[in-house]
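# Topology and contacts: notes
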Amino acid sequence: MKINLKIIGSAFVSATSKCEDLQEKVLVKKMMLRRRLTRSSRIAIYLASEVDYSSQKIVFGTAYGEVTATADIIESIYNKTLISPTAFQNSVHNTPVSYLSMISENMGEVTTVSDLFDTSLSVLKTGAIKALKGEQILLLNVDAFNFKFIEEMNRCGVSKLESGVALMVEVTQEEANIFIENEKYSDISPSLWQMLEIFNSAKKLENPIVEVEI
Amino acid sequence: MSKTKDIYIQQMGASCCAGLNRDEIFDSLLKSKSGIKKHEGFLIDGTLSAIGKIDSFKSFETLMFEQVDEVLNNSSLANFSDTFLVVGTSVGGMSWSEDQFIQSGGSCVGIDLNRQSIYSISHTLNQKYNFKDSITFSTACTSSSNAIVFAKELLEAGACEHVLVVGADSISLTTVNGFNALGVLSSEPSTPFDSDRTGMNVAEGVGVLLLGNTPSDIRLLGVGCSSDAHNITHPHPEGNGAKLAIQNALDDAGIEANVIDYINAHGTGTIANDSAEGRAIVSLFPHAPLVGSTKSITGHTLGACGAIELVISAMALKKGLVPQNFQLKNPEILELNLAQKNHSVEMEFALSNAFAFGGNNVSIVLQKVYDEN
């Protein structure tokens, strides 16, 4: 089946090592909370603000999850040293959108998918199905993997170690003008490619509408 | 049999420390045979940990395939070209990558992303069965519950004929030591909802459900999701997020709270979870349906618990039996109708809860469909 999604808002951010100017002090007023945010959480919160997020449902995608926290834990296990409780509570894949729900005081549905290089397609398919109920949905796709073992793990040669895309969407019966062609972006994690392709196409269109095939 | 727009459980299976199949698990629940045992070699401080490790010489992957094989073999499906795979897991291939890291002396060089990542389970299953498509949900302890929610949405949208939901999580050093760092691991089998409860037991397990529109005796009636928007690990003390998820599930099911006969609680055995969930249940269900947590027998199977406990809830409805709460001696919330013995009771509606880190909440309503003849 095919579902057409109108792109109401879109945002993208990426950096070789660390995304700067994510406006954490503006977006996250509580200092203690701000200090606990993971890199992916900071990017997710920033991207949400860029598409005027208020309290919509969220479908979040990440291929690698919270690799910094995960690496800290496994190193502690290997070295038999104390595990940081903060690292563990920040280690699950839904961490960024959990923080986003807290900051936005959103008690609605928030879910997370992870399918390695197909992650952004999974975000789009999941979001399209959930959007059939007639609500706007925030689609978020973030991967931040600038961690201590990245040189051992980075076999794709991705140069942008932090990147994220946000699309605010709703179902439409209008004809699509964006069709996913699986473009490749060698500097960005493949887990974001389809979402990034839509972001790039949407920028050039007055009324961007993407066709999602499920 | 003719198909309807309603969604039914077509086949189901489960495996965990309490039993290698769904009948063994349900029998353990009725006989109070806990699968929680003390194990060496998991906690880095060298102490024993009370966890739910499956007692088998087979690998976790083999045990998972056995459950999936059984469910698919018992179905009438000739192939899986119109069956969508939806996986729920919180750790994926974590235990495998832990082994690689430790055996290689602290190096990630040998780690294969197809085996390490959350995606590893769907990757493995797809290689064997060639499903129409697959998506993996990873929302910590609600992973497979969110997978079930999405399965219902896929079928309602008419995106496929069937959905296979697989909830699977194996024991990993990260989860055992992580929960220990949070100070919520019990050194004995957990005693959910008891005033003297001492925490939870990390466990492993697999739950498998084939969902579709062909009528069966168990209908997937309603699903509800919510967020606490409160704290990254602690639930809202009044269970506000839990209440919202339950109410959303009841609304989706189109039923009132007072028809629920049995609640399979998330009931982890931690102070914070049981207190919040108990308050939510008391406030929404003044008619005091039977409430039980099965985690003192199965352990907390993390991302798999939603699927496993939905299988248990379906079996309770099928058999008309609510298992007792193992070793419950001093209920903390007296208004909760906690089953203190096995109850044989005719039931129509059951609710199953799952709650996770970050205040991610899912509730699911099942209906027993009685033969009109």
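Let me begin by describing the structure that accompanies this report. (Residues numbered from 1 in each chain as written. Chains lettered and ligands numbered in written order. Predicted model: local features only at pLDDT ≥ 70, side-chain atom pairs only at ≥ 80, totals over all residues.)

Across its full length, chain B holds 11 helices and 15 strands. In terms of overall size, chain B behaves like a compact globule, its C-alpha atoms giving a radius of gyration of 19 Å where 373 residues would be expected to give roughly 21 Å. By the burial criterion, 63% of the 373 residues in chain B qualify as buried. Within chain B, contacts between residues at least 6 apart in sequence are counted, and of these 79% link residues at least 24 apart. (Helix = DSSP H or I, 4+ residues; strand = E, 2+ residues; numbered from the N terminus. Rg over C-alpha atoms; globule rule 2.2 N^0.38 Å. Buried ≥ 20, exposed ≤ 12 C-beta atoms within 10 Å, placed from the backbone. Contact = placed C-beta atoms within 7 Å.)

Next up on the list: the overall build of chain A. The helix and strand inventory of chain A stands at nine helices and seven strands. By the compact-globule yardstick of 17 Å for 214 residues, chain A fits well, its C-alpha radius of gyration being 17 Å. For chain A, the spread of C-alpha atoms along the principal axes amounts to about 60 × 40 × 30 Å. The buried share of chain A, reckoned over its 214 residues, is 57%. Taking the contacts inside chain A whose residues are at least 6 apart along the sequence as the reference set, 79% of them involve residues at least 24 apart.

It is worth spelling out the packing of helix H6 (residues 143-157) of chain B against helix H11 (residues 305-319) of chain B at this point. All names here are of chain B. Where H6 meets H11, the closest approach of the two axes is 5 Å, and the angle between their N-to-C directions is 70 degrees. It follows from the interaxial angle that H6 and H11 lie roughly perpendicular. Across the interface between the two elements, Ser144, Ser145 and Ile148 from H6 touch Gly306, Ala307 and Leu310 from H11. Here the contact of H6 with H11 is built from residues that sort into three nonpolar, three polar and no charged. (Axes fitted to C-alpha atoms, helices over the stretch in contact; angles between N-to-C directions. Parallel < 35°, antiparallel > 145°, perpendicular 65-115°, else oblique. Nonpolar A, V, L, I, M, F, W, Y, C, P; charged D, E, K, R; others polar.)

On the chain B side, the residues contacting the 45 residues of chain A number 47 residues. A per-class count over the side of chain A that touches chain B returns 22 nonpolar, 16 polar and seven charged.

Residue and element names in this part refer to chain B. With respect to burial, strand E6 (residues 162-169) is a largely interior element, eight of its eight residues being buried. Of the two faces of E6, the one carrying His162, Leu164, Val166 and Ala168 and the one carrying Val163, Val165, Gly167 and Asp169 are both buried. Both strand E4 (residues 83-88) and E6 contribute to a ladder of six bridges, which runs parallel. Residue pairing in the sheet places Val86 in a bridge with Val165 of E6. Relative to strand E7 (residues 205-212), E6 is paired through eight bridges, and the arrangement is antiparallel. (Pairing = 2+ DSSP bridges.)

Residue and element names in this part refer to chain A. In terms of burial, strand E5 (residues 162-171) is a largely internal element, nine of the 10 residues being buried. In terms of strand pairing, strand E1 (residues 2-15) meets E5 through 10 bridges, oriented antiparallel. When the bridges of E5 are listed, Ser10 appears paired with Leu167. Where strand E4 (residues 137-144) lies against E5, eight bridges are found, and the strand directions are antiparallel. Paired with Val142 across the two strands is Gly164, which belongs to E5.

Our focus in this paragraph is the packing of helix H4 (residues 67-79) of chain A against helix H7 (residues 173-181) of chain B. At their nearest, the axes of H4 of chain A and H7 of chain B sit 10 Å apart, and the two run at 90 degrees to each other. Between H4 of chain A and H7 of chain B, the interaxial angle falls into the category roughly perpendicular. Side by side, H4 of chain A and H7 of chain B meet where Ile73, Ile74 and Ile77 of chain A of the first sit next to Leu173, Thr174, Asn177 and Gly178 of chain B of the second. Across the contact of H4 of chain A with H7 of chain B, the residue classes break down as four nonpolar, three polar and no charged.

Counting residues in hydrophobic clusters, the biggest one holds 194 residues, and the most contacted among them are Leu139 and Leu140 of chain A together with Val86, Val165 and Leu209 of chain B. Per element, the largest residue contribution to this core is 10 residues, and it comes from H11 of chain B. Discounting chain neighbours no more than four positions away, the residues touching Leu140 of chain A are Ala44, Leu47, Ala48, Ile58, Phe60, Val97 and Ala166 of chain A. (Core = buried A, V, L, I, M, F, W, Y, C linked by C-beta atoms within 7 Å.)

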